[in-house]
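# A look at the structure
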Amino acid sequence: MAGNTDIDSTTETTAQNDDNHDQESNKSQKIVKLPLTRIKSIMKMDPDVTLASQDAVILIAKATEIFINDMAKEAYTFTAQGKRKTVQRKDVDNAIVGIDALAFLEGTIDT
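Below you will find a few notes about this structure. Computed from a predicted structure; not experimentally measured. (Residues numbered from 1 in each chain as written. Predicted model: local features only at pLDDT ≥ 70, side-chain atom pairs only at ≥ 80, totals over all residues. Heavy atoms only, no water.)

### Looking at the environment of Leu102
For clarity, the cut-off: Numbering of helices and strands runs from the N terminus; a helix is a DSSP stretch of H or I covering at least four residues, while a strand is a stretch of E covering at least two. Contacts are assigned to residue pairs that have any heavy atoms within 4.5 Å of one another.
Summarising the element assignment, Leu102 is placed in the segment after helix H4 (89–98). Measuring from C-alpha to C-alpha, the distance between Leu102 and Glu74 comes to 9.7 Å, with 28 residues separating the pair along the chain. When neighbours within four sequence positions are excluded, Leu102 is seen to be in contact with Phe67, Met71, Glu74, Ala95 and Ile96.

### Quick look at the packing of aromatic side chains
Spelled out, the test is: Here is the rule: rings of Phe, Tyr and Trp (six-membered ring for Trp) pair when centre to centre is within 6.5 Å. Planes less than 30 degrees apart are stacked, more than 60 are edge-to-face, and the remainder are tilted. We call a residue buried when its accessible area falls under 20% of the maximum for its residue type, exposed when it is over 50%, and partly exposed in between, using a 1.4 Å probe and counting protein chains only.
The full count for this structure, using the stated rule, is one aromatic pair. Between Phe67 and Phe104, the ring centres sit 6.1 Å apart and the planes meet at 45 degrees, which makes this aromatic pair tilted. Taken as a pair, Phe67 in helix H3 (residues 54–81) and Phe104 in the segment after H4 lie far apart in primary sequence, 37 residues in all. Given a relative accessible area of 55%, Phe104 falls into the exposed group.

### Considerations on the packing of helix H2 (residues 36–44) against H3
To be explicit about the condition: For helices, the axis comes from a line fit to the C-alpha atoms of the stretch in contact; other axes are also lines fit to C-alpha atoms, and the angle between any two N-to-C directions lies between 0 and 180 degrees. Reported orientations rely on four angle classes, namely roughly parallel under 35 degrees, roughly antiparallel over 145, roughly perpendicular from 65 to 115, and oblique for the rest. We call Asp, Glu, Lys and Arg charged. Ala, Val, Leu, Ile, Met, Phe, Trp, Tyr, Cys and Pro are nonpolar, and the rest, Gly among them, are polar.
Running from N to C, H2 and H3 cross one another at 100 degrees; their axes reach a closest spacing of 9 Å. Compared by their axis directions, H2 and H3 come out roughly perpendicular. Where H2 abuts H3, its residues Leu36, Ile39, Lys40 and Met43 lie against Gln54, Val57, Ile58, Ile60 and Ala61. Looking at the contact of H2 with H3 residue by residue, the classes come out as seven nonpolar, one polar and one charged.

### Concerning the pattern of salt bridges
Note the threshold: Counted as salt bridges are all cases of a side-chain nitrogen of Lys or Arg within 4 Å of a carboxyl oxygen of Asp or Glu.
Enumeration according to the criterion identifies three salt bridges in this entry. Note that Asp91 and Arg84 form a salt bridge whose closest N and O atoms lie 2.7 Å from each other. The exposure class of Asp91 is buried, given its relative accessible area of 1%. Residue Arg84 is classed as partly exposed on the basis of its relative accessible area of 22%. One salt bridge connects Asp93 with Arg89, and the closest N-O pair in it is separated by 3.5 Å. Taken as a pair, Asp93 and Arg89 lie in helix H4 at a separation of four residues, close to a single helical turn. Note on Asp93: relative accessible area 27%, which makes it partly exposed.

And the structure:
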């Protein structure tokens, strides 16, 4: 019986390790929501970029997601000031004009 308990605990530990590995794989796949292949192809449009490592692509994707999130929050503050629930183009424009960190975007969005 004692030998049987060792086998059961070993099997249980192996199953837990497999579950942990699966969870880590899922987490690494869920780090970014943007399509990595599209980002990689956009990166390769730059003539100075010949190779883009997977880590670099993931880093650019995550930075882009954070940027979009922050810009959306800033635009929504203008939406809320206008007592509306839907973010409109003018809210994004106001965020670009009103927020110093977004000043580099002035003139980039066509009307």
